[in-house]
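# Reading the structure
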Amino acid sequence: MAEDCTTVILNANWFSDKDFEKKVPGLTVLSGDQVGRRIMLADDRITIGRSPEATIMLRDTLISRQHLAIDFNPEVNSYVIQDLKSSNGSFLNGLRITEAALKESDKILIGNIILRFGWSDVFDLQYQHELDNLLNIDELTGLIVKRRFDEELDRFIAVSRTQGADLAMIMMDIDGVKQINDTYGHSFGAYTISQTGKLIKAATDHKGLASRFGGDEFMIFLPNFKMDAAKQFAETIRLQVETYNFAMDGIILRPTISIGVSILKKNDTLASLFKRADEALYISKRTGRNKVTAIA
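In short, a report on the structure.

Definitions and cut-offs
- Residues numbered from 1 in each chain as written.
- Predicted model: local features only at pLDDT ≥ 70, side-chain atom pairs only at ≥ 80, totals over all residues.
- Heavy atoms only, no water.
- Buried < 20%, exposed > 50% of the residue type's maximum accessible area, 1.4 Å probe, protein only.
- Helix = DSSP H or I, 4+ residues; strand = E, 2+ residues; numbered from the N terminus.
- Pairing = 2+ DSSP bridges.
- Phe/Tyr/Trp six-rings, centres within 6.5 Å; stacked < 30°, edge-to-face > 60°.
- Arc of directions from axis to C-beta.
- Contact = heavy atoms within 4.5 Å.

All right, on to the pairing of strand S10 (residues 107-110) then. Burial along S10 is one-sided: Ile108 and Ile110 are buried, while Lys107 and Leu109, pointing the other way, are not. Examined bridge by bridge, strand S7 (residues 90-92) and S10 share three bridges and lie antiparallel to one another. Across the sheet, residue Phe91 finds its bridge partner in S10, namely Leu109. The pairing of S10 with strand S11 (residues 113-120) spans four bridges and is classified as antiparallel. When the sheet's bridge partners are listed, Ile108 is paired in S11 with Leu115. Following S10, the chain reverses through two residues before pairing antiparallel with S11; Gly111 in that reversal takes a positive phi of roughly 60°.

Here the focus is the sheet that holds strand S9 (residues 99-101). If you trace the five strands from one edge of the open sheet to the other, you get S4-S3-S5-S6-S9, paired in mixed fashion. In this open sheet, the two edge strands, each paired with only one partner strand, are strand S4 (56-57) and S9. One ladder, built from three bridges, connects strand S3 (residues 46-49) with strand S5 (residues 68-73); its direction is antiparallel. Paired with Ile48 across the strands is Leu68, a residue of S5.

Before going further, it helps to examine the packing of aromatic side chains. The geometry of an aromatic ring pair is captured by two quantities: the separation of the ring centres and the angle between the planes. Counting across every chain of the model gives eleven aromatic pairs. Aromatic rings pair up to connect Phe72, Tyr79, Phe117 and Trp119 into one cluster.

Listed in full, the buried residues belonging to helix H4 (residues 177-184) are Val177, Ile180 and Asn181. The buried residues of H4 occupy an angular sector of 100° when the element is viewed end-on, so they sit on one face. Among the exposed residues of H4, those oriented more than 90 degrees off its buried face are Lys178, Gln179 and Asp182. On its buried face, H4 sits against strand S12 (167-175), helix H5 (186-204) and strand S16 (251-253). Where H4 terminates, the next one or two residues include Gly185, which has phi positive at roughly 110°.

Most of S12 is tucked away, with nine of its nine residues classed as buried. By the alternation rule, side chains of S12 split into Leu167, Met169, Met171, Asp173 and Asp175 and Ala168, Ile170, Met172 and Ile174, which are all buried. When S12 meets strand S14 (residues 217-223), the two strands line up antiparallel, connected through seven bridges. Each residue of the ladder has a partner; that of Met169, found in S14, is Phe221. Sheet topology note: the S12/strand S17 (residues 256-263) ladder contains eight bridges and is antiparallel. Paired with Asp175 across the two strands is Thr256, which belongs to S17.

Written as structure tokens, this is what we have:
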């Protein structure tokens, strides 16, 4: 028998509570900066476009603000795509359409983005979940990767502009990781980064979105947070890191964290908001570390 042949024994009880007949409709993004994203469909009508008012917002300058709609049509027992008088048109399997019923594996082109329509069973959904984690989740901390963070932040900036809502940006850098690496080894540094990321994730859940930016750097955006509330939130994270019991193999570690805070201004872009928060972080690092600095 070849060495790469493997016998896999599956737990029959696992199969008993699965509905193999049930399939869920959805779209998979095949191109662009959101490649691999899965958009699940329901009977309710959804719209896709560049506007934050669209049900699904896709970043592409060739896509109209409200580009197309998809909903279930019981008369044809299928999902139907409808172009919403977009500037550059909607294409189905290479043909420009106004309205058309969707079939398995149909390819929809809007702007530079290709979407594939299909039905997923329980195995497909599990595979998609695992693939999504591999593409979008930082394994060390459980936080989303910077690419996904930037996509979401860009969308929330657009929403904030449209609705006049507040938005805060927080940049963070762990103090002392290099010294921990040099003294105890890189596994201790990785442990410090991992535990700090988990503290940040727990603090941010249901309030905003956090990401690991680099080796020991993190960032958060907080919708509907004014400056005072964002500073208080940042101070809570600073204190949690300072007082957390970082202990590995009987060794106690004492890292701290420096933080910079900024809030969205009227004409801000992702880059300008990021720059001010990063400047605030630099001031915290330069003036003693383990502190919060804010730049409005």
